[in-house]
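If you want the building blocks of each chain, they are given just below.
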Amino acid sequence: MKVCRTIEEVRGLSRGARSEGRRIGFVPTMGALHEGHLSLVRAAKAECEFVIVSIFVNPTQFGPNEDLERYPRPFERDREMLEREEADALFAPDVEEIYPPGALTFVSVEELSGKLDGKSRPGHFRGVATVVAKLFHIVEPDAAFFGQKDAAQVAVLRRMVRDLALPVEMCVCPIVREADGLAMSSRNAYLSLQERKAALVLSRSLAKVRAEFEAGQRSAARLREAGERVVAGEPGARLDYFAIVDPDSLDFVDEVARPTLVAVAAYVGTTRLIDNVVLG
Ligand code: PAF
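What counts, and at which threshold
Residues numbered from 1 in each chain as written. Predicted model: local features only at pLDDT ≥ 70, side-chain atom pairs only at ≥ 80, totals over all residues. Heavy atoms only, no water. Disulfide = S-S within 2.5 Å. Buried < 20%, exposed > 50% of the residue type's maximum accessible area, 1.4 Å probe, protein only. Axes fitted to C-alpha atoms, helices over the stretch in contact; angles between N-to-C directions. Helix = DSSP H or I, 4+ residues; strand = E, 2+ residues; numbered from the N terminus. Parallel < 35°, antiparallel > 145°, perpendicular 65-115°, else oblique. Left-handed = near helix turned anticlockwise from the far one by under 90°. Contact = heavy atoms within 4.5 Å. Nonpolar A, V, L, I, M, F, W, Y, C, P; charged D, E, K, R; others polar. Near = heavy atom within 4 Å. Polar contact = N/O pair within 3.5 Å; in protein donor to acceptor, adjacent residues only side chain to side chain. 1 Å grid on protein atoms, 1.4 Å probe; cavity = no way out; pocket = protein on both sides within 12 Å on 5 of 7 lines; lining within 4 Å. Sits in = over half its atoms within 2 Å of the grid points. Domains from an automatic or database assignment. Buried area = accessible area lost by both parts, 1.4 Å probe. Salt bridge = Lys/Arg side-chain N within 4 Å of Asp/Glu carboxyl O.

### Focus on the state of the cysteines
Between two cysteines, a covalent bond joining their sulfur atoms is known as a disulfide.
Phase 1: Using the criterion set out here, one finds zero disulfides in the structure.
Phase 2: Free cysteine: C4, not disulfide-bonded; nearest cysteine sulfur from C48 at 17 Å.
Phase 3: You can call C4 buried: its relative accessible area is 0%.
Phase 4: We note that C171 lacks a disulfide partner, and the nearest cysteine sulfur, in C173, lies 6.8 Å from it.
Phase 5: The class of C171 is buried, set by a relative accessible area of 10%.

Laid out in structure tokens, this is it:
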């Protein structure tokens, strides 16, 4: 696996592979890799002949009081994991390579970026859209792979790709969970043993909503109440949002009549965790 630090290097590799007729798959990450990321790499390997993974902890998607400084950066471990998955290239630029001094250009997906996580984390999706647009221009992939765990991010990026006519196929892969149901996340590393137990309330609340839905409940208000009650029963967690929305527009729905996103975000200690399920 080739490790690239510069735009020129990774673009050269990508263009070289394309000129040999290979399909380029791209998995953008912020590192601290876990099975969820590896499932994206495997999906990319299954569909593409040349797979590029990026590791870049993107400063513009962190708010001023968020965890940019303490975000885990186990680079050597990540590199070995990608080597084992037989990724073809790892792009790991430093901040100045992506944001040259004086950079003034951002990509903003209006409205959608202010919903769900975007409401709790102002500016977050502007940072995500900007870095992903830049990475797409740098890597020039045919297909890019994202996790369904970040459902609002998926909605924002799908819209960006459509609106800007970016020639990239968006591939979204299922959430990968620990055996006890906790959705895998790099931020799980922050949790103490006790917090790790409290964190299970997210998947438990979604399981409750799914059970109510399967028993015939279609009212979004009722389903949301059921989910919120489960979270309220866990003293170690503080709810940020429990939302039942259209997966593309992220608008609230009244009834679960077509595929509907049920998304939850909660703080466990100081760690903000998210999870979701699609019903219908
Ligand atoms: O999902 C992530 O890890 C990040 O938001 C992404 C897509 C790599 C952009 O920094």
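### Section: the packing of helix α6 (residues 124-139) against helix α7 (residues 151-163)
Phase 1: Following both chains from N to C, one finds α6 and α7 inclined at 50°, their axes separated by 10 Å at the closest point. One finds that α6 runs oblique with respect to α7. Note that α6 runs across α7; the crossing there is right-handed. Residues F125, V128, A129, V132, A133 and F136 of α6 form the contact with α7, whose own contacting residues are A152, Q153, V156, L157, M160 and V161.
Phase 2: Counted by class, the contact of α6 with α7 contains 11 nonpolar, one polar and no charged residues.

### Thoughts on the site of the ligand
Phase 1: By nearness alone, every residue bordering the ligand is listed as P28, T29, M30, N58, Q61, V128, V131, V132, F146, D150 and Q153.
Phase 2: Q153 places a side-chain nitrogen or oxygen 2.7 Å from an oxygen atom of the ligand.
Phase 3: In this structure, the ligand is accommodated by the largest pocket.
Phase 4: Breaking the shell around the ligand down by element, the ones donating at least two residues are β2 (24-29) and α6.
Phase 5: It is α6 that contributes the most residues to the shell around the ligand, three residues altogether.
Phase 6: Its residues assigned to classes, the shell around the ligand shows six nonpolar, four polar and one charged.

### Describing the domain arrangement of the protein
Phase 1: Domains assigned within the protein are domain 1 (2-173) and domain 2 (186-275).
Phase 2: The C-alpha-based centres of domain 1 and domain 2 are spaced at 26 Å.
Phase 3: The interface of domain 1 with domain 2 comprises 22 residues on the first partner and 19 residues on the second.
Phase 4: Both sides together, the interface formed by domain 1 and domain 2 hides about 1700 Å², and carbon and sulfur atoms give 50% of it.
Phase 5: Area buried by domain 1 at its contact with domain 2 is led by R70, L116 and D117, which between them contribute 31% of it.
Phase 6: Connecting domain 1 to domain 2 are three salt bridges.
Phase 7: Taking the shortest distance from any N to any O, the salt bridge between D117 and R272 comes out at 2.9 Å.
Phase 8: Seen at the junction of domain 1 and domain 2, the total is 10 residue pairs in polar contact (both at pLDDT 80 or more).
Phase 9: Secondary-structure elements contributing two or more residues to the side of domain 1 that touches domain 2 are α5 (117-120) and α7.
Phase 10: Ranked by the residues each element gives to the side of domain 1 that touches domain 2, the list is headed by α7, at four residues.

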